[in-house]
Amino acid sequence: MKYIGGKWKAVILIHLIEKKRYNELRKECPMITERTLSLQLKELEADGLVKRTVHTDKAPLKVDYELTEFGRTLIPLLESIALWGRETASRTGAVQQVK
């Protein structure tokens, strides 16, 4: 649970199944504050789950995030959690679905 515990880590990781730029990730996770997203990404990077790449060749600065090989080992687990969430939401109507 150290790696994916907390309110937003699993959400961020599932969005990073495909490589994303920081701004793409922000748009896909509007419910996460910018500060929280930034802090969670730093923790995920420190834990070895996410790789951060800074492109400095030309302005403006671009930053990509992607799962590391270790992070990709979580994909089956994350997909199972997402499936469970979708099924629960459709069955009970009590959980709000977020795309």
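So, here's what we can say about the structure. Note that the coordinates shown come from a computational prediction; the quantities given were computed from them, not determined experimentally.

### So, the overall build of the protein
Thinking step 1. Within the protein, the regular secondary structure consists of 5 helices and 3 strands.
Thinking step 2. Going through the 99 residues of the protein one by one, you find that 31% of them count as buried.
Thinking step 3. Of the contacts formed within the protein by residues at least 6 apart in sequence, a portion of 44% connects residues at least 24 apart.
Thinking step 4. For the protein, the distance from the average position of its 18 positive side-chain charges to the average position of its 13 negative side-chain charges is 4 Å.

### Quick look at the pattern of salt bridges
Thinking step 1. If you walk through the whole model with that rule in mind, you get 6 salt bridges.
Thinking step 2. Where K9 meets D47, a salt bridge forms, and the shortest distance between an N and an O atom there is 4.0 Å. Placement of K9 in helix α1 (residues 9–15) and of D47 in the loop between α3 (34–46) and β2 (50–55) is noted, with a sequence separation of 38 residues between them.
Thinking step 3. The class for D47 is buried, based on a relative accessible area of 18%.
Thinking step 4. As a salt-bridge pair, R26 and E34 come within 3.9 Å of each other at their nearest N and O atoms.

### Comments concerning the nonpolar core
Thinking step 1. By size, the foremost hydrophobic cluster in this structure holds 20 residues, and its most contacted members are I12, L13, L16, L41 and V50.
Thinking step 2. At the level of elements, α1, α2 (22–28), α3, β3 (62–67) and α5 (75–92) are the ones that each hand at least two residues to this core.
Thinking step 3. When sequence neighbours within four positions are dropped, the list of residues in contact with I12 reads L25, I32, L37, Q40, L41 and L44.

### Notes on the sheet that holds β3
Thinking step 1. Read across the open sheet, the 3 strands follow the order β1-β3-β2; overall the sheet is antiparallel. The strands lining the two open edges of the sheet, one partner per strand, are β1 (20–21) and β2.

### Some details on α3
Thinking step 1. Here α3 is 13 residues long and its end C-alpha atoms lie 18 Å apart, about the 18 Å a rise of 1.5 Å per residue gives.
Thinking step 2. Taken together, the buried positions of α3 are L37, Q40, L41 and L44. Considered in projection along α3, the buried side chains sweep an arc of 105° and stay on one side of the axis. Opposite the buried face of α3, at more than 90 degrees from it, the exposed residues are R35, K42 and A46.
Thinking step 3. In the core, the buried residues of α3 are packed alongside α1, α2, β2 and β3.
Thinking step 4. Immediately beyond the C-terminal end of α3, within one or two residues, lies G48, with a positive phi of roughly 85°.

Procedures and definitions
- Residues numbered from 1 in each chain as written.
- Predicted model: local features only at pLDDT ≥ 70, side-chain atom pairs only at ≥ 80, totals over all residues.
- Heavy atoms only, no water.
- Helix = DSSP H or I, 4+ residues; strand = E, 2+ residues; numbered from the N terminus.
- Buried < 20%, exposed > 50% of the residue type's maximum accessible area, 1.4 Å probe, protein only.
- Contact = heavy atoms within 4.5 Å.
- Lys, Arg positive; Asp, Glu negative; His and termini not counted.
- Charge placed at Lys NZ, Arg CZ, Asp CG, Glu CD.
- Salt bridge = Lys/Arg side-chain N within 4 Å of Asp/Glu carboxyl O.
- Core = buried A, V, L, I, M, F, W, Y, C linked by side-chain atoms within 4.5 Å.
- Pairing = 2+ DSSP bridges.
- Expected span 1.5 Å × (residues − 1).
- Arc of directions from axis to C-beta.

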